[in-house]
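Survey of secondary and tertiary structure
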Amino acid sequence: QVQLVESGGGLVQAGGSLRLSCAASGSISSLNSMAWFRQAPGKQRDLVALITRGGYTGYADSVKGRFTISRDSAKNTVYLQMDRLTPEDTAVYYCNAVLMPTTRTITYWGQGTQVTVSS
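Residues numbered from 1 in each chain as written. Predicted model: local features only at pLDDT ≥ 70, side-chain atom pairs only at ≥ 80, totals over all residues. Heavy atoms only, no water.

Turning our eyes to something else, we now look at the environment of Gly 8. Examined against the element boundaries, Gly 8 turns out to sit in the loop between strand 1 (2-7) and strand 2 (10-13). Sequence separation of Gly 8 and Gly 54 is 46 residues, and the distance between their C-alpha atoms is 25 Å. Contacts of Gly 8, omitting those with residues within four sequence positions, involve Leu 18, Arg 19, Leu 20 and Thr 113. (Helix = DSSP H or I, 4+ residues; strand = E, 2+ residues; numbered from the N terminus. Contact = heavy atoms within 4.5 Å.)

What follows is the structure in structure tokens.
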């Protein structure tokens, strides 16, 4: 019903920047929020940043001030600008979308994009 395609991951040196993109398609009229999560090997998947339909944003403390989530509604795309990257940011980054068509909640995930930060 909803497809999420991530792009923009790669290898970057500490202190560098990357911008991730997530393009959404399908039945997204009931989209409530989109978010970025990340998961390092052997670790749980943690929330990085979130943006709601109304444009409200939130960030994990570990990335606040360094990462910025934004959207382009015309392109149905959400972005994650990542600045001043550190090796601790190395993880697979997943795009997440939450839909609320009525009173139920439906969650979709992208395939993930690898971000590796070298020291």
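Once the structure has been displayed, the description carries forward.
Turning our attention to the pattern of salt bridges. Where charged atoms from two side chains of opposite charge approach closely, those side chains can pair. This model, assessed by the stated rule, comprises 3 salt bridges. With a closest N to O distance of 2.9 Å, Arg 38 and Asp 89 form a salt bridge. With a gap of 51 residues between them, Arg 38 in strand 4 (residues 31-39) and Asp 89 in the loop between strand 8 (77-82) and strand 9 (91-99) connect regions that are remote in the sequence. Assigned by exposure class, Arg 38 and Asp 89 land together as buried. Among the ionic pairs, Arg 66 bridges to Asp 89, the shortest N-O distance being 2.8 Å. One end of the pair, Arg 66, is in the loop between strand 6 (57-59) and strand 7 (67-72); the other, Asp 89, is in the loop between strand 8 and strand 9, and 23 residues separate them in sequence. Judged by its relative accessible area of 15%, Arg 66 is buried. What you see here is one network of salt bridges that share partners, running through Arg 38, Arg 66 and Asp 89. (Salt bridge = Lys/Arg side-chain N within 4 Å of Asp/Glu carboxyl O. Buried < 20%, exposed > 50% of the residue type's maximum accessible area, 1.4 Å probe, protein only.)

Evaluation of the coordinates by the stated rule reveals 1 aromatic pair. With centroids separated by 5.0 Å and ring planes inclined at 70°, the aromatic side chains of Phe 37 and Trp 109 adopt a geometry described as edge-to-face. Residue Phe 37 is located in strand 4, and its partner Trp 109 is located in strand 10 (residues 106-109); the two are separated by 72 residues in the primary sequence. The partly exposed category is assigned to Trp 109, whose relative accessible area is 37%. Residue placement shows Arg 45 over the ring face of Trp 109; its charged tip is 4.7 Å from the ring centre. (Phe/Tyr/Trp six-rings, centres within 6.5 Å; stacked < 30°, edge-to-face > 60°. Lys NZ or Arg CZ within 6 Å of the ring centre and 35° of its normal.)

Take the pairing of strand 11 (residues 113-118) next. Here strand 11 shows a clear split, with Thr 113, Val 115 and Val 117 buried on one side and none of Gln 114, Thr 116 and Ser 118 buried on the other. Two elements, strand 2 and strand 11, share 4 bridges in a ladder whose sense is parallel. The residue bridging Gln 13 from the neighbouring strand is Ser 118, located in strand 11. Bridge analysis of strand 9 against strand 11 gives 3 bridges, and the strand direction is antiparallel. (Pairing = 2+ DSSP bridges.)

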